[in-house]
Amino acid sequence: MTQRKPVRVMVVGGGTAGWSAAAALARLLPGVAEVHVIESADVGIVGVGEATLPHVRQFVQQLGIDEADFMRATHATFKLGIDFRNFGRIGDSYIHPFGTFGREVAHVPFHHYWLQCRARGVAADIGHYSLAVQAARAGRFAVPRDDDLSLGSSYGYAYQFDAGLFGPYLGTFALQHGARRTEGTIESVQRDPLTGTVVSVTLAGGAQFSADLFIDCSGFRSLLLGEALDEPWEDWSHWLPCDRAIAMPTASPAGEIEPYTRATALGAGWAWRIPLQHRVGNGYVYASAFLEDDAAVAALRQTVQGKALAEPRQLRFRAGRRRNSWVGNVVAIGLSSGFLEPLESTSIYLSHMAITRLIDLFPIDGVQPSGAAEASRREFNRLVDMEYDRIRDFLILHYHATTRDDSPFWDHVRTMTVPDSLAEKMALWRRTGRIAKYGEGLFFEPSWVAVYLGQNVAPERWDSRAALPQASALEGALARLEREIAGLASAMPGHRQFLTMQAARLANAG
Amino acid sequence: MPGSARDALRTIVVAGTGPVGLAAAIALRRALPSSMVTLVRTPDDPAALADSAATFLPQTNAFHDRLGIDEKGLILRCGASHRLALAFAGWTGPDHTTLQAYGAAPPDGVDPRANPAMAATLAAAERFAIAPDDPALPLSDIDHALRVNPEAYRNHLAALARHLGVVGGDRLLRAAVPDGKGGLAEVVLEDGTRIGGDLFVDGSGPAARLASALPLQDREDWSGQLPCDRVLVARQEDQFRLTTMDEVAAMTTGWRASSFGRDGCHAHFAFQSDCGPDEAAVGAAGFESGTLVAIAPGRRAQAWQANVLCLGDAAAQFEPLHWMNLSLAHAQMALFLEHLPGREDEPLERAEYNRRAGAMADRVRDFIALHYCAKHRPEGRFWAQVATLERSDSLALTLAEYSGRGRLPYFEDDMVSRDAWKLAMATIGLAPGMAPRIAALPVASQAALADQHKARVAAALRQAIPYPQWLAAYPKAFP
């Protein structure tokens, strides 16, 4: 076996994306990648992604990180889904769960039978047939069972954590696994005049560092991909007009910790509420074209409960992505590559997805301007594009599927022209109750069903086979399922109790 | 909430009484027990390769379950036997044989060329077992395909269809009558009977006797990617072997596949008409008799057109390497059931089916085309011709990623498993590239991966028994 020369990787930026990339590369590609992180103390961490998706568990697990330890360090809580309030119309509330609704019968998805019973007036809200939803509503949590056939395995979970602590936690991990860290502010970027390849960066004070592959995790600034390489930006703000956020943590209220994130639609956007162990993260994502900053702050203050723990902080962004995330020897990961508002907690997912792809496609023999590395780039960009496009459509659905006409913002998103790819999916659902399926990426059938039904987009017709069972038999089966799920949910410990037990186990083990 | 379930299809006409039409009739009747499903006979066409299949793929087992056809019935009544692997002889050069097995391929980091899959090892030892469900047990890595006596299988399906209340099947189709809206209104039988339908299934083979009455539509031509346009279908009852291995042998003029059923050998010889006179090719391949058919590799752009669904050779025609023709029809049938329409036309639903069914067929095309991508090919005009074939973008990407870094990119609606892709790569002698995660392992750990695989295979081999013994014990073991 020939000895390969390690590829020198420079990670620019030490936020969640940067340290996630450094940790994963150092842990999973030792000897293949030599990781050097340039972190600037004066660049703040955006940290909007306090709520995550179940994929984050795989990411953490593959690094060999202990869940309980990691949760303690980041004050994490469990998350079973997102409670969307006031989206379809004011007063509505539905949970988009990390889990399924009911069971498929005779290869026909559950929601067709549910629609059938609903039309007869004998079905409860669809959330009653999802264990994740019922456990969330009851403020309870238990780890899913791994038996595929039982309802106890019909859900997944994610975490809500302090993103300001997640980066440093992974930072410590990355350094333990051989990553190197330099603190400093990058002042200039040197490129090869012939190939355009990035060669090195120079820090304030004059220190110069070179590398073979540069991972741009510099956040919205997109220092390498955006500034140095000037990769064009594809703007999606006409579909996703929110471009600012006001964030403000508050003290935890007494009582149960909600094992879910809340997203509450407001006049010009929506507000998040993410309960952690020690505080609650709050924020208002809004469109500046429809709302003044001061009014946004006032609206957020009115929305939050509990004592404010800090002054409101403003973030600015725009929806869209760079045409290519990997150009030459620069790979942008995280906000430097694109931005989609955290309505479905996809920010950290998008970073981790890109990191996993980069590892799978890592140019182990070095980054040349063409050849094998070109295949890596093309494949990476294809996969990243697909993820962005699918998430984009799913997010647009949340705004577009509404009857709200109480503000210019909602008038705009309700009446705007959506991408054809979404318009076709919605038309198929309306006419037939079917979800356009795909096997790779995020948000499968139950997710689309949850949002459609939760936002009152009901199909006009559904599968004819749902009318086959006798009405009384179907009604009975639905009632049994509802009881079974209610029983399983009520048998779970309370969320706070589960966290306490977990902490006790960790203390005993340590 | 307003709305209602769609009106269920009431009358369904299925043209073709071979395995494709029969399976469609059974599946539809099971899905819609209140519908009237009528079979209409069409002339038997030896070019309908999906219908003449004497063997299936492992995927067929699950589809059979769904139809209510159990393996026991097939073994006891249709002469079924089991295949664990397919031997490709001479494919990458003379005296060189590789086994393409079913079930799990060796894990990442283990070159399947040097470390055969478990099922290949069992097949080479002529041993057999049914895979247990528990993934911890080594034998769970194997899978099998069945061979049957085609006539008995067809009778078996016909009996099941009748039992379920499917009617007809005795009278021949005379004509299909368009409805003036792009679909069909009714079919006319040989005795003048007219049968109308909400849905028509065309399982009549390449002639597509129903769909051919519809407005002409585009066809995706695969002849630039799949070389064979002639297939000789032969049965050699004297060549009897009880084995878990079938073979495909590269000949100078094409390839010859032999499937050893309990009723003798079912052989296919596939070749290209451009390479010389048909008789010469057949003669060179050593066949004395058989039925020669011409095929036009390709598929309908839209297999579901208005109220007519094409399945089997009516939808896609291609050389029977791996005998995938019927399995593709089954997979598309299952996809259709997922999109089962009501009585009213829903173009979006049809478009969704056609998109996915098309992707599925294209991936089958890619899988077969992969077998022609070996670096070292046999001698002969046919193989010289093969060297000039084009590659679809999806196949080119698959090849590049596998040889570059041992990775198989994901494709939606690929009915071929990742394991099967990997093992086919080994068949053509293609080495997996070094995956970054494997490259990062210490050399000792890399070597250990192969040792672990070998140990698991050896453990499984000890638990399997000689196939003839297994089969002889079957009626007693599974009463």
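### Looking at the overall build of chain A
Thought 1: Within chain A one finds 15 helices and 23 strands.
Thought 2: Rg of the C-alpha trace for chain A: 24 Å, near the compact-globule value of 24 Å for 510 residues, within the 12% margin.
Thought 3: Overall, the C-alpha framework of chain A stretches about 75 × 55 × 55 Å when taken along its three principal axes.
Thought 4: With 510 residues in all, chain A has 60% of them scored as buried.
Thought 5: Put simply, of all contacts in chain A between residues at least 6 apart along the chain, 76% involve residues at least 24 apart.
Thought 6: Here chain A displays about 19,400 Å² of accessible surface, and carbon together with sulfur accounts for 50% of that area.

### Focus on the interface of chain B and chain A
Thought 1: Taken together, the contact between chain B and chain A spans 38 residues of the former and 46 residues of the latter.
Thought 2: Buried surface at the junction of chain B and chain A, summed over both partners, amounts to about 3,600 Å²; 54% is from carbon and sulfur atoms.
Thought 3: One salt bridge in this structure joins B:Glu412 and A:Arg390, with 3.9 Å as the shortest N-O distance.
Thought 4: The interface formed by chain B and chain A contains 21 residue pairs in polar contact (both at pLDDT 80 or more).
Thought 5: When contributions to the side of chain B that touches chain A are tallied by element, the ones reaching two or more residues are strand E1 (4-5), helix H7 (325-338), helix H8 (347-370), helix H10 (393-405), helix H12 (436-439) and helix H13 (443-463) of chain B.
Thought 6: Across the side of chain B that touches chain A, the residue classes tally to 18 nonpolar, five polar and 15 charged.
Thought 7: In the sheet, strand E23 (residues 461-462) of chain A pairs with E1(B) via two bridges, with the strands oriented parallel. Directly across from A:Trp462, in E1(B), lies its bridge partner B:Ala5.

### Description of the sheet that holds strand E11 (residues 213-216) of chain A
Thought 1: The six strands are arranged E7-E2-E1-E11-E21-E20 (chain A) in an open sheet whose pairing can be described as mixed. On the outer flanks of this sheet lie strand E7 (180-183) and strand E20 (326-327) of chain A, each paired with one strand and no other.

### Description of the domain arrangement of chain B
All names here are of chain B.
Thought 1: Once the domains are mapped, chain B shows domain 1 (11-77 + 149-219 + 300-364) and domain 2 (84-147 + 225-296 + 366-439).
Thought 2: One C-alpha centre belongs to domain 1, the other to domain 2; they are set 27 Å apart.
Thought 3: Listed as interface residues are 34 residues of domain 1 and, on the opposing side, 47 residues of domain 2.
Thought 4: Of the roughly 3,600 Å² buried at the junction of domain 1 and domain 2 (both faces included), carbon and sulfur atoms supply 61%.
Thought 5: It is Glu319, Trp323 and Arg363 in domain 1 that bury the most area against domain 2; as a group they hold 25% of the surface buried on that side.
Thought 6: For the interface between domain 1 and domain 2, the tally reads four salt bridges.
Thought 7: Counting residues per element, the ones that place at least two in the side of domain 1 that touches domain 2 are helix H2 (58-67), helix H3 (71-77), helix H5 (150-164), H7 and H8.
Thought 8: Tallying contributions element by element places H8 first for the side of domain 1 that touches domain 2, with six residues.
Thought 9: For the side of domain 1 that touches domain 2, a count of residues per class yields 20 nonpolar, seven polar and seven charged.

### What about helix H11 (residues 408-415) of chain A?
Residues and elements named next belong to chain A.
Thought 1: Taken residue by residue, H11 has Phe409, Trp410 and Val413 as its buried positions. Taken around the axis of H11, the buried residues stretch over an arc of 90 degrees, which confines them to a single face. H11 presents Pro408 and Thr415 as exposed residues on the side facing more than 90 degrees away from its buried surface.

### Comments concerning the environment of B:Thr11
Thought 1: Summarising the element assignment, B:Thr11 is placed in strand E2 (residues 11-15).
Thought 2: In contact with B:Thr11, other than residues within four places in its own chain, are B:Met36, B:Gly196, B:Gly197, B:Asp198 and B:Leu199.

### Observations regarding the side chain of A:Ser464
Thought 1: Along the chain, A:Ser464 falls in the loop between E23 and helix H14 (471-490).
Thought 2: For A:Ser464, a relative accessible area of 4% corresponds to the buried category.
Thought 3: Beyond its immediate sequence surroundings of up to four residues, A:Ser464 is in contact with B:Ala5, B:Arg6, B:Asp7, B:Ala8 and B:Leu32.

### With respect to the sheet that holds strand E19 (residues 320-322) of chain A
Residue and element names in this part refer to chain A.
Thought 1: Pairing in this open sheet of three strands is antiparallel, and the strands run E12-E19-E22 from one edge to the other. Of all the strands in the sheet, the pair left with one neighbour each is strand E12 (233-235) and strand E22 (338-339).
Thought 2: Contacting E19 and E22, helix H10 (residues 372-400) crosses the sheet at an angle of about 170 degrees to E19.

### What about helix H4 (residues 110-119) of chain A?
Thought 1: Of all ten residues in H4(A), eight are buried, a share of seventy percent or more.
Thought 2: In this structure, the buried side of H4(A) is in contact with helix H12 (420-432), helix H13 (445-454), E23 and H14 of chain A together with E1 of chain B.

### A closer look at the pattern of salt bridges
Thought 1: Under the definition given, this model contains 68 salt bridges over all chains.
Thought 2: Across the pair B:Arg171 and B:Asp170 runs a salt bridge, and its minimum N-O distance is 3.8 Å.
Thought 3: For B:Asp170, a relative accessible area of 52% translates into the label exposed.
Thought 4: Here B:Arg405 and B:Glu401 are joined by a salt bridge, their closest N and O atoms 3.0 Å apart. Taken together, the positions of B:Arg405 and B:Glu401, both in helix H10 and four residues apart, correspond to about one turn of that helix.
Thought 5: By sharing partners, the salt bridges in this structure join A:Arg434, A:Arg461, A:Asp463, A:Arg465, B:Arg6, B:Asp7, B:Glu344 and B:Glu349 into a single network.

### Some points on the packing of helix H1 (residues 19-31) of chain B against H5(B)
All names here are of chain B.
Thought 1: Packing of H1 against H5 leaves a shortest axis separation of 9 Å and a crossing angle of 25 degrees. Between H1 and H5, the angle falls in the class roughly parallel. When you trace H1 past H5, the crossing you get is left-handed. Counted together, Pro19, Leu22, Ile26, Arg29 and Arg30 of H1 and Tyr153, Arg154, Leu157, Ala158, Leu160, Ala161 and Leu164 of H5 form the full contact between these two elements.
Thought 2: Grouping the amino acids of the contact of H1 with H5 by side-chain chemistry returns nine nonpolar, no polar and three charged.

### Concerning the packing of aromatic side chains
Thought 1: On inspection of all chains with the given rule, the structure shows 50 aromatic pairs over all chains.
Thought 2: Ring geometry for B:Phe56 and B:Tyr153: centres 4.9 Å apart, planes at 55 degrees, overall tilted. Here B:Tyr153 lies in helix H5 and B:Phe56 lies in the loop between strand E3 (36-41) and H2, a separation of 97 residues in the sequence. A single burial state applies to B:Phe56 and to B:Tyr153, both of which are buried.
Thought 3: A network of ring pairs unites the aromatic residues A:Phe70, A:Phe78, A:Phe141, A:Tyr157, A:Tyr159, A:Phe161, A:Phe166, A:Tyr169 and A:Phe498 as a single cluster.

### Some words on the state of the cysteines
Residues and elements named next belong to chain B.
Thought 1: Within the structure shown, the criterion is met by zero disulfides over all chains.
Thought 2: Distance from the sulfur of cysteine 78, which forms no disulfide, to the nearest cysteine sulfur (cysteine 265) is 19 Å.
Thought 3: In this structure cysteine 265 is a free cysteine whose sulfur lies 17 Å from that of cysteine 228, the closest cysteine sulfur available.
Thought 4: Residue classification places cysteine 265 among the buried residues on the basis of a relative accessible area of 0%.

### What to know about the environment of A:Arg180
Residue and element names in this part refer to chain A.
Thought 1: For arginine 180, the position within the fold is in strand E7.
Thought 2: With 78 residues separating them in the primary sequence, arginine 180 and glutamate 258 have C-alpha atoms 39 Å apart.
Thought 3: Once residues lying within four places of it in the same chain are set aside, the contact partners of arginine 180 are Val35, His36, Val37, Leu175 and Phe209.
Thought 4: A distance of 3.2 Å separates the side chain of arginine 180 from the side chain of histidine 36, its partner in a polar contact.

Definitions and limits used
- Residues numbered from 1 in each chain as written.
- Chains lettered and ligands numbered in written order.
- Predicted model: local features only at pLDDT ≥ 70, side-chain atom pairs only at ≥ 80, totals over all residues.
- Heavy atoms only, no water.
- Helix = DSSP H or I, 4+ residues; strand = E, 2+ residues; numbered from the N terminus.
- Rg over C-alpha atoms; globule rule 2.2 N^0.38 Å.
- Buried < 20%, exposed > 50% of the residue type's maximum accessible area, 1.4 Å probe, protein only.
- Contact = heavy atoms within 4.5 Å.
- Areas by Shrake-Rupley, 256 points an atom, 1.4 Å probe, with all protein chains shown as cover.
- Buried area = accessible area lost by both parts, 1.4 Å probe.
- Salt bridge = Lys/Arg side-chain N within 4 Å of Asp/Glu carboxyl O.
- Polar contact = N/O pair within 3.5 Å; in protein donor to acceptor, adjacent residues only side chain to side chain.
- Nonpolar A, V, L, I, M, F, W, Y, C, P; charged D, E, K, R; others polar.
- Pairing = 2+ DSSP bridges.
- Domains from an automatic or database assignment.
- Arc of directions from axis to C-beta.
- Axes fitted to C-alpha atoms, helices over the stretch in contact; angles between N-to-C directions.
- Parallel < 35°, antiparallel > 145°, perpendicular 65-115°, else oblique.
- Left-handed = near helix turned anticlockwise from the far one by under 90°.
- Phe/Tyr/Trp six-rings, centres within 6.5 Å; stacked < 30°, edge-to-face > 60°.
- Disulfide = S-S within 2.5 Å.

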